[in-house]
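Below are the chains, spelled out letter by letter.
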Amino acid sequence: MSAPGGLPVVALVGRPNVGKSTLFNQFTRTRDALVADLPGLTRDRQYGIADIEGQRFVVVDTGGIGPDQDANFRDVTERQAHAALDEADVAVLMVDARAGITADDSDIARTLRRGGTPVVLAVNKSDGLDADVAVAEFHRLGLGSPVAIAAVHRRGLDTLFEHIAPHLPASEPLPQPDADGVWVPRVAVIGRPNVGKSTLVNRLLHEERVVAADAPGATRDSIELDFAWRGQDYKLVDTAGLRRKSKVDGIAEKFSAIKTLQAIERADVVIAVIDARSDIGQQDARVLGYAAEAGRSLVIAVNKWDNLDDGDRSWVRSELDRKLPYLDFAPLHTISALKGSGLGELMQSVQRATKAAQADISTAALTKALEAAVHSHQPPMVSGRRIKLRYAHQGAKSPPTIIIHGNQTQRLNADYKRYLANVFRKQFDLYATPVKLVFKTGDNPYEGKRQKNPKAEDARKRRAVRRAK
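Residues numbered from 1 in each chain as written. Predicted model: local features only at pLDDT ≥ 70, side-chain atom pairs only at ≥ 80, totals over all residues. Heavy atoms only, no water.

A. Broad picture of the side chain of Gln-408. For Gln-408, the position within the fold is in the loop between strand 16 (401–407) and helix 13 (414–427). Non-local contacts of Gln-408, meaning those with residues more than four positions away in its chain, are made with Val-382, Arg-385, Arg-386, Ile-387 and Thr-441. (Helix = DSSP H or I, 4+ residues; strand = E, 2+ residues; numbered from the N terminus. Contact = heavy atoms within 4.5 Å.)

Next comes the structure, spelled out in structure tokens:
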């Protein structure tokens, strides 16, 4: 079950080839889960974040339960699926409308009924069938009212989510004050296994509070620790490392992925640790992407820097610039967690980022900055008309959300939006923090109405007078 304030977890379970990976991709709006008409293709659990109607949650795509898989993988896959249920707030059991109830469906339903996890029954591949007819026989599974869906076409997914939503606890990661009413920022330390996260945490705490070993996966869960720096109290969260699924061994370690996503979601600032001796790979980009997508203030720490010569250091810097260009707002610090070098500057950035994430900016100041930005660099022309941006105000914190009102705002291109975000970030010192822009287009009272031509109107009146005479 999800921790209080963490992201809820939805597990997709069922026998092979019923469409779990397709539904996963629809929920997360990605193509991360492999989809093909081959039973047992998904043998591992795939994790992703969904955001539906303002509700954010982790989706877990499990391997199918049943005898249709390769014998070598059946036991592992079944343990994966059952373990996912232990972690989930709600399970979605998927069945095939065209195949009807199979013995495996009945066995899985029996297992789910015995467990304590709420279950929603989704009858997939119901396209072309009458919904009532498609779900009729599945009432016999004893899991409540089935929902007819066609995951590949997104049909029925709104109804399915209506059945899932009541089982999801609130996921908004709002900062909570401590017992004295003081807000304590949360700082999550993330990165691949064995990059030095636990060593960094211990060095900051000046004591061996977490296990630090030269072996991947020494930290299995997210660990929260009280920490103070220059008079400011923090909650320091040491997370287990995220790694490529093909490199993950052991069910306990695989749950670290969910814990890390939840830690990022609940954090105010994220320290992303990268190993200077390793290539900046896809998994580094994925971990950093999770933090940026969640809108968290981000500080990058390149660890084990002290063992590199000047040539290697130049190469690391160029690789970071080339592979992580979308993180231009995140400051980069070179450190040695083992020796403690660079940690003072790192924490200064964390402190600035904490304040930036919680910044209060007046409407007058935002509108003035918007006007200056537009005067310096006009929005593009669309169909011969200039896009107009009138005023701005703050909508939320962490990340700072700025709502901009104007006309034709939906036609603003990505480059101009990036320009505005950079202007606001610089103007209001929103250090290390992504700026979320929301654009609102006001209603045009003349939209759809024919504009009057004064000369033509005068001519029409003259003709009417002549006809009257």
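B. How the structure looks around the nonpolar core. Judged by nonpolar contacts, the single largest core of 37 residues is most densely connected at Val-58, Ile-190, Val-270, Leu-288, Leu-298 and Leu-327. When neighbours within four sequence positions are excluded, Val-58 is seen to be in contact with Leu-7, Pro-8, Val-9, Val-10, Tyr-47, Gly-48, Ile-258 and Leu-261. With 26 residues, the next largest nonpolar core counts Phe-227, Val-273, Val-350 and Ala-432 among its residues. (Core = buried A, V, L, I, M, F, W, Y, C linked by side-chain atoms within 4.5 Å. Buried < 20%, exposed > 50% of the residue type's maximum accessible area, 1.4 Å probe, protein only.)

C. Structural detail: helix 1 (residues 20–28). Counting buried positions over the 9 residues of helix 1 gives 9, a clear majority of the element. Those residues of helix 1 not exposed but buried are Lys-20, Ser-21, Thr-22, Leu-23, Phe-24, Asn-25, Gln-26, Phe-27 and Thr-28.

D. The arrangement of the packing of aromatic side chains in detail. This structure, assessed with the given rule, holds 5 aromatic pairs. Measuring from ring centre to ring centre gives 6.0 Å for Phe-27 and Phe-57, while their planes differ by 80 degrees; the resulting arrangement is edge-to-face. A residue pair is termed long-range when its members are at least 10 positions apart, and Phe-27 in helix 1 and Phe-57 in strand 3 (residues 55–61) qualify at 30 residues. Assessed through its relative accessible area of 4%, Phe-27 is described here as buried. Taken together, the ring pairs connect Phe-27, Phe-57 and Phe-161 into an aromatic cluster. The ring centre of Tyr-431 lies 3.7 Å from the NZ or CZ of Arg-352, which sits over that ring. (Phe/Tyr/Trp six-rings, centres within 6.5 Å; stacked < 30°, edge-to-face > 60°. Lys NZ or Arg CZ within 6 Å of the ring centre and 35° of its normal.)

E. Geometry of the sheet that holds strand 7 (residues 186–190). Strand order in this open sheet of 6 strands is 8-9-7-10-11-12, and the pairing throughout is mixed. Whereas interior strands pair on both sides, the edge strands pair on one side only; in this sheet they are strand 8 (223–229) and strand 12 (332–334). Shown here is a sheet whose adjacent strand axes are inclined to one another by a mean of 25 degrees, direction ignored. Taken together, the 4 bridges between strand 7 and strand 10 (residues 269–275) define a ladder with parallel strand orientation. The partner of Val-187 across the bridge, within strand 10, is Val-269. The strands touched by helix 10 (residues 310–323) within the sheet are strand 10, strand 11 (297–303) and strand 12, with strand 12 carrying the most contacts at an inclination of about 160 degrees. The sheet strands contacting helix 11 (residues 343–357) are strand 7, strand 8, strand 9 (232–238), strand 10, strand 11 and strand 12, and the helix crosses strand 11 at an angle near 170 degrees. (Pairing = 2+ DSSP bridges. Axes fitted to C-alpha atoms, helices over the stretch in contact; angles between N-to-C directions.)

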